[in-house]
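Summary of structural features
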Amino acid sequence: MCFNANRPGCLWIDTGPVWISDPAQRSALVGALADVVSAAAEQVRQAGGTLLPSGISWGGPSHRRLCEDGHSVEVADDLQREILSNLIRRYVPELVALSGRALFVAGRVNGRGSLRLAESKDQVSTRYIASASVRHLRRVEQALRRDDRVSGFAVMDVNPVGDTELAIPNVSVRCLDAQIFPSSAVAQAVVLQALAVRARMMERDGRRMPAVPQRMLDRNRSNAIARGMGGEFEREADDPRKAREQATVRRSAAESVSDLLDDLDAELRAMQIEPREILPLLSAPELAKLHPEYAQTENDLLAVWSRQQTFGVEQIAALLRDRATLADDQLTRHNRRVAPGSMGTLEAAWRTKLTARPRRSTPNGHRGQARPARQRRSDDEIIRELDQLTEQRDMDERLRALLAGRPPRNLAPALSRLGRSKEIRRVLRQPNATVLELSAPEELGDGVPDELGSRLSRNNRVCVRLDVAEAERKSAVDALMDLARRLPRGACAGLITNQTYARRSDRRASIEMIILGSTEGARS
């Protein structure tokens, strides 16, 4: 638990860094939050006080507390920081509409938007950043102070610098209002994590986030703050024919939130999301039109509850002390009761969407099964670890940790995408005594060559280099990968070079593989 001197009377539950890409860990997180909140509410009651959620007024509008759910998302490098910051910036209006909390006073909800952001004097919309390098961020921050009279990144909805108190590089998000139920808070964290997965994929593919017009985003943000899911957003026309007629098209906030989740289905699938976990996020605009009592957000849920029964401050305080109620997804429970058939259909549609294997285009134009997204990203993640290091010993330790117990990996494509690829290869090849040069795949034989085994036992590492005619390139790669599968137990290997070069008379191919001995050998 933590407090903020600038927000007297507000209490935050800080989870610290948690991994939410696993279903069991997400479920455990919801349960842990329910445990802490219910225990804190009971202790406050025993001390003679009352613990209430954000946005609940007692005794009149002047007695209230408004706060946000702060999220920090880990990033691996500055490029990923830039992409993720701009990506979240693009969807701030949708996130505000999804999480906005209006004031609950005298047993009724006043509005559907975000009262906190409407009254905020210390929070502004996010600016686009062209680069996340320290020098560029410093210039952007100076421009914000000079031109917009903004004190810095910390007051923006999305802070590219992140929470400096965390030990990991991160991007922090402040545009989400504090939720009552842990399931809602974790579901919204899942959306941010899915956007982080998207940012990693964009970085891997060499793509960046284009600059969405600031004025359009500001108008959409203001609309979401004022009207929540009932608002209407502008967006740039996708159809070139429409773009000639009008620069933007309009779409309801609920439809925009629905479009966001549909667009993230591949990332949600990679995170092994169950349909029940994202049901609190599904705005389902068509269901909302068919069923007046359908709740798209916690604002709607409180409004329905207050119409159906006596529901005031005492009932809300009691709700926070009830661990079972907090641990359950109350938004989905209510919607299942209001529209059981429609919710069943919606859940079944998302189950199909989240279990269907994505398909990719093959060279012959036919559609084929895609490799799992996690498998595709792993090589880039391994190489990204090396990009932060300069010493061979550190690189070897990271490679052992990341490759141990796994099949040999072809890291050459991922390494080629880095600006430091030549430097990393040069470091990995040193010293020369560990480089074993061969001129033909046949020299590897069917076992482990004696010279290779000797160098591996002496140095606990070997760089095997094959220099062959271009026509033998594929057979050389296959031979090295087969060799890696025959290595002694505990050894690991990764291909770091697979490229061609020209000589006067012919074209050649150079293929290199790093082989590392076991951790026991490294320590000895």
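Residues numbered from 1 in each chain as written. Predicted model: local features only at pLDDT ≥ 70, side-chain atom pairs only at ≥ 80, totals over all residues. Heavy atoms only, no water.

1. Observations concerning the overall build of the protein
Counted only if it meets this: Strands here are runs of E lasting at least two residues and helices are runs of H or I lasting at least four, both read from the DSSP assignment and numbered beginning at the N terminus. Classification of residues uses two cut-offs on accessible area relative to the type maximum, computed with a 1.4 Å probe and protein chains only: under 20% is buried, over 50% is exposed, and between them is partly exposed. To be clear on the numbers: accessible area is Shrake-Rupley with a 1.4 Å probe, and residue cover counts the displayed protein chains and nothing else.
The helix and strand tally for the protein stands at 24 helices and 14 strands. Buried residues in the protein amount to 50% of all 524 residues. Carbon and sulfur atoms make up 48% of the accessible area of the protein, which totals about 25,700 Å².

2. Details of the pairing of strand S13 (residues 492-502)
Note the threshold: At least two bridges found by DSSP between two strands are what make those strands a pair.
Sheet analysis places strand S10 (residues 409-410) next to S13, joined by two bridges and oriented parallel. Bridge pairing in S13 links Asn 410 to Leu 495. One ladder, built from 10 bridges, connects S13 with strand S14 (residues 507-516); its direction is antiparallel. By the bridge assignment for S14, Gln 499 is matched with Ser 510.

3. Considering empty space enclosed by the protein
For clarity, the threshold we go by: Cavity means a closed set of points on a 1 Å grid over the protein atoms alone, one where a 1.4 Å probe fits but cannot get out, pocket means an open set with protein on both sides within 12 Å along at least 5 of 7 lines, and lining means a residue has an atom within 4 Å of a point. Grid points are joined across faces, edges and corners, and a volume is the space filled by probe spheres set on the points. Charged means Asp, Glu, Lys or Arg here, nonpolar means Ala, Val, Leu, Ile, Met, Phe, Trp, Tyr, Cys or Pro, and polar covers whatever is left, Gly included.
Within the structure shown, the criterion is met by four cavities of 30 Å³ or more. Put simply, the largest cavity is a space of about 60 Å³. The wall of the largest cavity is formed by Arg 89, Val 92, Pro 93, Ser 125, Thr 126, Asp 157, Gln 214, Leu 217, Asp 218 and Arg 221. Of all the secondary-structure elements, those providing two or more residues to the lining of the largest cavity are helix H3 (92-99) and helix H7 (214-227). Broken down by element, the residue count for the lining of the largest cavity peaks at four residues, all from H7. Taken together, the residues that form the lining of the largest cavity break down as three nonpolar, three polar and four charged. Residue lining of the second largest cavity: Leu 98, Gln 179, Ser 184, Gln 188, Pro 280, Leu 281, Gln 296, Thr 297, Glu 298 and Leu 331, and that is the complete set. Counted by class, the lining of the second largest cavity contains four nonpolar, five polar and one charged residues.

4. A word on the sheet that holds S14
By way of backbone hydrogen bonds, the strands of a sheet pair with one another, either parallel or antiparallel. Worth spelling out the cut-off: We call two residues in contact when some of their heavy atoms are within 4.5 Å. Simply put, an axis is a line fit to the C-alpha atoms, just over the touching stretch for a helix, and the angle between two N-to-C directions goes from 0 to 180 degrees.
Read across the open sheet, the five strands follow the order S10-S13-S14-S12-S11; overall the sheet is mixed. Both edges of this open sheet fall to S10 and strand S11 (435-438), since each of them pairs with a single strand only. As defined by bridge partners, strand S12 (residues 461-469) adjoins S14 across nine bridges and the pair is classed as antiparallel. Residue pairing for S14: Leu 466 is matched across the bridge by Ile 511. The sheet strands contacting helix H22 (residues 450-459) are S11, S12 and S14, and the helix crosses S12 at an angle near 150 degrees.

5. Let's talk about the pairing of strand S1 (residues 71-74)
The side-chain alternation of S1 yields one buried face, formed by His 71 and Val 73, and one unburied face, formed by Ser 72 and Glu 74. Both S1 and strand S5 (residues 170-173) contribute to a ladder of four bridges, which runs antiparallel. Across the sheet, Glu 74 pairs through a bridge with Asn 170, a residue of S5.

6. Structural notes on the sheet that holds S5
Strand order in the open sheet formed by three strands is S1-S5-S4, and the pairing between neighbours is antiparallel. Looking at strand neighbours, the two that pair on one side only are S1 and strand S4 (158-159), the edges of this open sheet. Contacts from helix H2 (residues 78-90) reach S1, S4 and S5, with the element oriented near 15 degrees to S5. Contacts from helix H6 (residues 182-204) reach S1 and S5 within the one sheet, and its direction differs from that of S1 by about 30 degrees.

7. Digging into the pattern of salt bridges
The condition is simple: A carboxyl oxygen of Asp or Glu within 4 Å of a side-chain nitrogen of Lys or Arg is what we treat as a salt bridge.
What the rule picks out here adds up to 40 salt bridges. A salt bridge links Arg 146 to Asp 147; its shortest N-O distance comes to 3.2 Å. Using a relative accessible area of 59% as the deciding quantity, one classes Arg 146 as exposed. Here Arg 269 ties to Asp 265 by a salt bridge, and the two come within 3.6 Å at their closest N and O atoms.

8. Section: the confidence of the model for the protein
Residues shown with low pLDDT carry predicted positions that ought not to be read at fine detail. Selection rule: What pLDDT reports is the predictor's confidence in each residue, on a scale of 0 through 100.
The predicted model of the protein averages 84 in pLDDT, with 89% of residues at 70 or higher. The low-confidence segment residues 359-377, where pLDDT is below 50, has 30 contacts with residues more than four positions distant or belonging to other chains.

9. Some points on the nonpolar core
Spelled out, the test is: Nonpolar cores were defined as sets of buried Ala, Val, Leu, Ile, Met, Phe, Trp, Tyr and Cys residues, with membership established by side-chain atoms within 4.5 Å.
Counting 54 residues, the largest nonpolar core has Leu 84, Ile 88, Leu 195, Leu 268, Ile 278, Leu 346 and Trp 350 as its most contacted members. Take this core: its biggest share by element is 11 residues, from H6. When near neighbours in sequence (up to four residues on either side) are disregarded, Leu 84 contacts Val 73, Val 75, Val 171, Leu 195, Ala 196 and Ala 199. With 24 residues, the next largest nonpolar core counts Ala 40, Leu 51, Ala 102 and Ala 317 among its residues.

10. Some details on unusual backbone geometry
At Gln 272, a residue that is not glycine, the phi angle is positive and equals roughly 60 degrees. Within the chain, Asn 460 stands out as a residue other than glycine whose phi angle is a positive 65 degrees. What makes Asn 460 buried here is its relative accessible area of 10%.

11. A word on helix H19 (residues 392-403)
So the rule is basically this: Take the number of residues in a helix, subtract one, and multiply by 1.5 Å to get its expected span. Note that the arc is computed from the directions linking the helix axis to the C-beta atoms.
The end-to-end C-alpha distance of H19, which contains 12 residues, comes to 16 Å, matching closely the 16 Å that a straight helix rising 1.5 Å per residue would cover. Here H19 has its buried residues at Gln 392, Met 395, Asp 396, Leu 399, Arg 400 and Leu 403. Across the axial projection of H19, the buried residues extend over an arc of 135 degrees, all falling on one side. Seen from the open side of H19, the exposed residues pointing more than 90 degrees away from its buried face are Arg 393 and Ala 401.

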